[in-house]
Amino acid sequence: KNACQIAVICYYRAIEEGSMKLSDILHKNGVFIKKEAISNKDELDFLITKIAKLTEHDKETIAQAVFERENKISTGIGFGIAVPHGRIKGWGTTTLAVLSGHQTIDYDALDGEPLYMVFMFISDADNPFEHVNVLAKLSYVVSEENNMELLKKAMNPDEYILAVKNMEKILK
């Protein structure tokens, strides 16, 4: 089985076990729709800053966790999507932020294509199951073309979150 298949299996198991949903960790103040092109550095800094403000955690600690992971291999997984993420000891509940509708001009995506949707999340280093669970759920979302079309059509944070919730209803 490939990594995507394993992620989808983890996702379905998590749903069966009643674990948290993406809509549980995505607040409308964490959804950003932008139309202008943006650099990779500016994009990551933007989301790190927003997560720091949302959670009242230290921006430098978040940046260190994200860049530590990003320096291993690009989280630009292809198909216009990136999932930068980090794990921080004592973080608490996972936080997810999304930047959508833009074009990233210099992200080192695995397929070399520009990005138009970035899901950044920070999780607690002491809760690896939740971290993998979020990765699995995001893998499911981005692996289904219909899901991505719904998300691309969202014009504001409320529409984006509604699209996420509608995807979750289909899986029940």
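Note: the structure precedes this text.
This text gives an overview of the structure that appears in the document.

Turning our attention to the overall build of the protein chain. Across its full length, the protein chain holds 7 helices and 7 strands. Order of helices (α) and strands (β) in the protein chain, N terminus to C terminus: α-α-β-β-α-α-β-β-β-β-β-α-α-α. Expressed as a percentage of its 172 residues, the buried residues of the protein chain come to 48%. Of the contacts made within the protein chain by residues no fewer than 6 positions apart, 72% connect residues no fewer than 24 positions apart. Here the protein chain has roughly 9,000 Å² of accessible surface; of this, 52% comes from carbon and sulfur atoms.

In terms of nonpolar packing, the biggest core is built from 25 residues, with Leu22, Leu26, Leu96, Phe119, Leu138, Leu151 and Tyr160 touching the most fellow members. Those residues in contact with Leu26 that sit more than four places away from it in its chain are Val31, Leu96, Ala97, Val98, Tyr160, Ile161 and Val164. Counting residues in hydrophobic clusters, the runner-up holds 23 residues, among them Ile48, Ile51, Met120 and Ile122.

Turning next to the pattern of salt bridges. Applying the stated rule across the entire model yields 5 salt bridges. Across the salt bridge formed by Asp45 and Lys59, the nearest N and O atoms sit 3.0 Å from each other. With Asp45 in helix α3 (residues 40–55) and Lys59 in helix α4 (residues 59–70), the pair connects residues that are 14 residues apart, well separated along the chain. In this structure, Lys89 engages Asp126 in a salt bridge whose closest nitrogen and oxygen atoms are separated by 2.8 Å. Taken together, the positions of Lys89 in the loop between β5 (85–88) and β6 (95–104) and Asp126 in the loop between β7 (115–124) and α5 (128–143) put the pair 37 residues apart, joining distant regions of the chain.

Let us look at α5. Compared with an ideal rise of 1.5 Å per residue, which puts 16 residues at 22 Å, α5 spans 22 Å between its outermost C-alpha atoms and is within 8% of the ideal. Within the span of α5, buried status applies to Glu130, His131, Asn133, Val134, Ala136, Lys137, Leu138, Tyr140, Val141 and Val142.

Take unusual backbone geometry next. The phi torsion at Glu56 lies on the positive side, around 60 degrees, for a residue other than glycine. Residue placement: Glu56 occurs in the loop between α3 and α4. If you check the backbone angles, Phe79 has positive phi at about 60 degrees while not being a glycine. Relative to the helices and strands, Phe79 is located in the loop between β3 (76–78) and β4 (81–82). Taking relative accessible area as the criterion, Phe79 reaches 69% and is therefore assigned exposed.

Let's shift gears to the packing of helix α6 (residues 145–153) against helix α7 (residues 157–170). Direction vectors running N to C along α6 and α7 enclose 160 degrees, while the axes themselves pass 8 Å from each other. It follows from the interaxial angle that α6 and α7 lie roughly antiparallel. For the pair α6 and α7, the crossing hand works out as right-handed. In this structure, α6 uses Asn147, Leu150, Leu151 and Lys153 to contact α7, whose residues at the interface are Glu159, Tyr160, Ala163, Val164 and Met167. Residue composition of the contact of α6 with α7, by class: 6 nonpolar, 1 polar and 2 charged.

Right, let's get into the packing of α5 against α6. Closest axis-to-axis distance for the α5/α6 pair is 5 Å, and the angle between their directions is 90 degrees. With respect to α6, the element α5 is oriented roughly perpendicular. In this structure, α5 contributes Tyr140, Val141, Val142 and Ser143 to the contact, and α6 contributes Glu145, Asn147, Met148 and Leu151. Its residues placed into classes, the contact of α5 with α6 shows 5 nonpolar, 2 polar and 1 charged.

This part takes up the environment of Gln103. Within the fold, Gln103 resides in strand β6. A relative accessible area of 39% places Gln103 in the partly exposed class. Setting aside residues up to four positions removed in sequence, Gln103 forms contacts with Glu36, Ala37, Ile38, Pro114 and Leu115.

Here is what the cut-offs are and how they apply
- Residues numbered from 1 in each chain as written.
- Predicted model: local features only at pLDDT ≥ 70, side-chain atom pairs only at ≥ 80, totals over all residues.
- Heavy atoms only, no water.
- Helix = DSSP H or I, 4+ residues; strand = E, 2+ residues; numbered from the N terminus.
- Buried < 20%, exposed > 50% of the residue type's maximum accessible area, 1.4 Å probe, protein only.
- Contact = heavy atoms within 4.5 Å.
- Areas by Shrake-Rupley, 256 points an atom, 1.4 Å probe, with all protein chains shown as cover.
- Core = buried A, V, L, I, M, F, W, Y, C linked by side-chain atoms within 4.5 Å.
- Salt bridge = Lys/Arg side-chain N within 4 Å of Asp/Glu carboxyl O.
- Expected span 1.5 Å × (residues − 1).
- Axes fitted to C-alpha atoms, helices over the stretch in contact; angles between N-to-C directions.
- Parallel < 35°, antiparallel > 145°, perpendicular 65-115°, else oblique.
- Left-handed = near helix turned anticlockwise from the far one by under 90°.
- Nonpolar A, V, L, I, M, F, W, Y, C, P; charged D, E, K, R; others polar.

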